[in-house]
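Each chain is listed here by its residues.
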Amino acid sequence: QVEQVAVPTSDPRWLAVCHAATATMHSEADAITVGHANRPTEGAAAVSVRRPGPLGNPLSMRRHGRLDERWRPALCDAFRWAFQAAMDEGDTSLEEIAVLHGLPPSSVLADYGNMPWHAYASAVRAAAQALLARAADGERLCLTCTCHPQRCHAATIVAWLREQIRRRPAVRECCTGDGGEEGRA
């Protein structure tokens, strides 16, 4: 027979019980990963973040018709900047972001460059929020791109998703309904 004992919701033991009841069986680190398009993380839903989708990197490493790996760091940094500006509803343009990172405005691919900033940003927010909803429901996700295991823009999206999951409302609210009553464990 189990004896129920009143435990204040501020007690770390209560928080641990609440967290255990609502957490998925894997760590946050492996719940959302980056993988190669041909080799996604086993057991995770593969979600392409390749072009031409809203979460694809709108910037190209092609110079004079050839891939130039020297541009990869600047492209990934520029994507991080663009992604954050889109999520913060900032007002800018992909061309401005490219130039800020030492890239020519021609780095912006036509599929994205022909789109007004607010339309691009809105599409990015909608796609990111859809992924967040899936992750918040406990679905394991592997964001896939052909760059991985090299540095990839998908790492920016994964970092944002993990941060949003980490910042979810306090665990106590999920357990008591109002965030402050005494609970039972």
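Here the structure is a predicted model, which is why all the values come from computation and not from measurement.

A.B. asks: Mind showing me how you'd approach the overall build of the protein here?
C.D. replies: The number of helices and strands found in the protein is eight helices and seven strands. Across the 185 residues that make up the protein, the buried fraction comes to 38%. Counting only contacts in the protein whose residues sit at least 6 apart along the sequence, the fraction spanning at least 24 positions is 77%. Accessible surface, the protein as shown: approximately 10700 Å² in total, 52% of it carbon and sulfur.

A.B. asks: Sorry, what's going on with the layout of surface pockets here?
C.D. replies: Empty space left among the atoms is revealed by rolling a probe the size of a water molecule over them. Considered as a void within the structure, the second largest pocket measures approximately 390 Å³ in volume. Around the second largest pocket, the lining comprises 17 residues; the ones closest to its centre are Arg51, Met61, Cys145, Thr146 and Cys147. In the lining of the second largest pocket, the residues fall into eight nonpolar, five polar and four charged.

A.B. asks: Where do I start with the pattern of salt bridges in this structure?
C.D. replies: Where charged atoms of side chains with opposite charge meet at close range, the side chains can pair. Inspection of every chain in the model, using the stated rule, returns seven salt bridges. Salt bridges here are not isolated pairs; linked through shared partners, they connect Asp77, Arg80 and Arg151.

A.B. asks: Just checking my understanding: could you explain unusual backbone geometry for this structure?
C.D. replies: Trans peptide bonds make up most of the peptide bonds, and negative phi angles are found at most residues other than glycine. Cis peptide bonds are those with omega within 30 degrees of zero, and the linkage from Arg51 to Pro52 qualifies with 5°. In this structure, Pro52 sits in the loop between strand S3 (45-48) and strand S4 (62-63). Following His148, the chain continues to Pro149 via a peptide bond in cis, the omega torsion being 15°. You can see Pro149 is positioned in the loop between strand S6 (141-145) and helix H7 (154-166). At His64, a residue that is not glycine, the phi angle is positive and equals roughly 55°.

A.B. asks: What's the story with the sheet that holds S6 in this structure? I'm lost.
C.D. replies: Working definition: the strands of a sheet are paired by backbone hydrogen bonds and lie parallel or antiparallel to each other. The three strands are arranged S2-S6-S3 in an open sheet whose pairing can be described as parallel. The strands lining the two open edges of the sheet, one partner per strand, are strand S2 (32-36) and S3. Put simply, the sheet's adjacent strands are angled 35° from each other on average, direction ignored. By the bridge criterion, five bridges tie S2 to S6 in an arrangement that is parallel. In the sheet register, His36 faces S6, and the bridge partner there is Cys145. Sheet strands touched by helix H6 (residues 117-136): S2, S3 and S6. Its angle to S6, the strand with the most contacts, is close to 145°. Along the sheet, H7 contacts S2 and S6; its crossing angle with S2, the most-contacted strand, is approximately 165°.

So, how was this worked out
Residues numbered from 1 in each chain as written. Predicted model: local features only at pLDDT ≥ 70, side-chain atom pairs only at ≥ 80, totals over all residues. Heavy atoms only, no water. Helix = DSSP H or I, 4+ residues; strand = E, 2+ residues; numbered from the N terminus. Buried < 20%, exposed > 50% of the residue type's maximum accessible area, 1.4 Å probe, protein only. Contact = heavy atoms within 4.5 Å. Areas by Shrake-Rupley, 256 points an atom, 1.4 Å probe, with all protein chains shown as cover. 1 Å grid on protein atoms, 1.4 Å probe; cavity = no way out; pocket = protein on both sides within 12 Å on 5 of 7 lines; lining within 4 Å. Points joined across faces, edges and corners; volume = space filled by probe spheres on them. Nonpolar A, V, L, I, M, F, W, Y, C, P; charged D, E, K, R; others polar. Salt bridge = Lys/Arg side-chain N within 4 Å of Asp/Glu carboxyl O. Pairing = 2+ DSSP bridges. Axes fitted to C-alpha atoms, helices over the stretch in contact; angles between N-to-C directions.

Scope: geometric values only; no functional claims are made or implied.
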